[in-house]
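Reading the structure
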Amino acid sequence: MRDLFRVRRMWRPPGELKRRYDVVIVGGGSHGLATAYYLVRNHGVKSVAVLEQSYIGSGAAGRNTTIIRSNYRTPEGAAFYQRSVELYEGLGADLDFNLLFSQQGHLTLAHSERALVTMTERAEVNQLLGIDSRLIGNAEISKLCPELDLSDRPTWPVLGALYHPPGGIIRHDAVVWGLARGADRGGVEIHPYTKVTGIDQHAGRVTGVRTTRGDIECDTVVSATAGWSTLVCDLAGVRLPITTHILQACVTEPVKPFLDVVIVSSQMHVYISQTDRGEFLIGAEIEPYTTYRGTGTFPFLEASAAHVLELFPQLERARVLRSWTGLCDLSPDYSPILGKTGVEGFHVSAGWGTYGFKAAPVVGETMAQLVATGRTPDLIAPFELERFHTDTLVSELAAAAVSH
Ligand code: PYC
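Presented here is an overview of the structure given in this document. All of these numbers come straight from a predicted model, not from anything done at the bench.

**A few points about the overall build of the protein**
Secondary structure summary: the protein contains 9 helices and 19 strands in total. Computed over the C-alpha atoms, the radius of gyration of the protein is 21 Å, within 12% of the 22 Å expected from 2.2 N^0.38 for a compact globule of 404 residues. C-alpha extents for the protein along the principal axes are approximately 65 × 65 × 40 Å. The buried share among the 404 residues of the protein stands at 56%. Of the contacts formed within the protein by residues at least 6 apart in sequence, a portion of 76% connects residues at least 24 apart. Both charge centroids of the protein, one from 37 positive and one from 43 negative side chains, sit 7 Å from each other.

**Concerning the site of the ligand**
Near the ligand you find 9 residues, and of these Arg69, Tyr271, Thr354, Lys358 and Ala400 are the closest. Contacts to the ligand include Thr354, whose backbone N or O atom sits 3.0 Å from a nitrogen atom. One of the side-chain N or O atoms of Lys358 is found 3.1 Å from an oxygen atom in the ligand. Protein chains shield 96% of the accessible area of the ligand, which is 240 Å² for the free molecule.

**Description of the environment of Gly296**
Examined against the element boundaries, Gly296 turns out to sit in the loop between strand E16 (280–283) and helix H7 (298–311). Judged by relative accessible area, which is 33%, Gly296 ranks as partly exposed. Taking the C-alpha atoms as reference, Gly296 lies 6.9 Å from Ser323; in sequence the two are 27 residues apart. Not counting chain neighbours up to four residues away, the residues in contact with Gly296 comprise Gln248 and Thr325.

**Some details on a nonpolar patch on the surface**
A cluster of nonpolar side chains, namely Trp228, Leu231 and Tyr292, defines an oily patch on the protein surface of about 270 Å² accessible area. Within the secondary structure, Leu231 sits in helix H6 (residues 229–235).

**Some details on the packing of aromatic side chains**
With the rule as written, the count across this model stands at 11 aromatic pairs. Between Tyr88 and Phe101, the ring centres sit 6.0 Å apart and the planes meet at 50 degrees, which makes this aromatic pair tilted. Remark: Phe101 occurs in the loop between helix H2 (75–95) and strand E4 (106–110) and Tyr88 occurs in helix H2; sequence separation between them is 13 residues. Judged by relative accessible area, Tyr88 falls into the buried class, the value being 2%. The class for Phe101 is partly exposed, based on a relative accessible area of 23%. Counting every residue linked through ring pairs, the aromatic cluster contains Tyr72, Phe80, Tyr81, Trp352 and Phe383.

Calculation notes
- Residues numbered from 1 in each chain as written.
- Predicted model: local features only at pLDDT ≥ 70, side-chain atom pairs only at ≥ 80, totals over all residues.
- Heavy atoms only, no water.
- Helix = DSSP H or I, 4+ residues; strand = E, 2+ residues; numbered from the N terminus.
- Rg over C-alpha atoms; globule rule 2.2 N^0.38 Å.
- Buried < 20%, exposed > 50% of the residue type's maximum accessible area, 1.4 Å probe, protein only.
- Contact = heavy atoms within 4.5 Å.
- Lys, Arg positive; Asp, Glu negative; His and termini not counted.
- Charge placed at Lys NZ, Arg CZ, Asp CG, Glu CD.
- Near = heavy atom within 4 Å.
- Polar contact = N/O pair within 3.5 Å; in protein donor to acceptor, adjacent residues only side chain to side chain.
- Areas by Shrake-Rupley, 256 points an atom, 1.4 Å probe, with all protein chains shown as cover.
- Patch = residues over 30% accessible without salt bridge, like charges linked within 9 Å, V, L, I, M, F, W, Y side chains within 5 Å.
- Salt bridge = Lys/Arg side-chain N within 4 Å of Asp/Glu carboxyl O.
- Phe/Tyr/Trp six-rings, centres within 6.5 Å; stacked < 30°, edge-to-face > 60°.

Put into structure tokens, the structure is as follows:
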């Protein structure tokens, strides 16, 4: 009888912090947990602690809009995100946990002749880079999304779309929980509510971290802290060329399922999908000002609602259930900053803007490889912090987020 009421935990409750681990990962979001998971899975590195200042998945991993895609414009970005989609495709089976990954297709709408030209070019570049992506007309859009208003009623009628069939959505909290469980089963310790307050070094090499629960010695520290990256890297004396902005999103109350494709309108800075719970998930572009503000704004709700109704007037009576903001760490070239820094043994995953969650598995795989072997994997070599000193930027501006 007692067993009936026993709580089945997905990972062990945190115990005391040890005095030493081989690897300390700062940030218990999708990138930190994925790095821990692949360290164990691919390299057998088990002496790993993941330190999270709040509960796991409380940062960007729990505040994104769950979109997965790989239709990037640069060879570096396309190869990187393509690998991420591949890993996401097998991740549920790998973790033995249903991540509700729905590769329902991703449509970026064109509302002008100019946008059609840009999207034709983007489709061609995507195809050259091996990405499944093409321009489609309204007849095909209407088959994929019969409920979308394709008439000339909207202020900016739809003229076509960039179609990316492997794109889709996934349950973000399931990704966090599945990775946490996988890492925990491999022996990784997960310590929520443990804030890093200092990073110790000796002779240019990391030697440990200080936390609100005591000091730890270690050989390697990985910062995977998204919007907080500049603050954590400051502790190591590593300056990142990053500004932190907020991105806002909201969901409506659940309605009967009718949207099974991701719709993006760059013109209106809005993207929409329907979650497995039936909610319409609506997001906007980042706010142009820098802030760590955690509350949303009414202008976001007003503008997003107006834009969604241009596309789906039948949602007129749907009520907004909740809204939130997420912190986005934006780099100057809209590509991530990944790998080694000037401090030996201190590695970063940062500069994610609004496209970090979709990279979680490939970040985990490559950062784990870097930590375990000391060598930077080819896939992330173009994204090293060093590029801002060697002027070898990877400009992903044209495909990074919704409004480009
Ligand atoms: O890069 O796909 C994306 C994205 C969606 C929402 C924000 N960014």
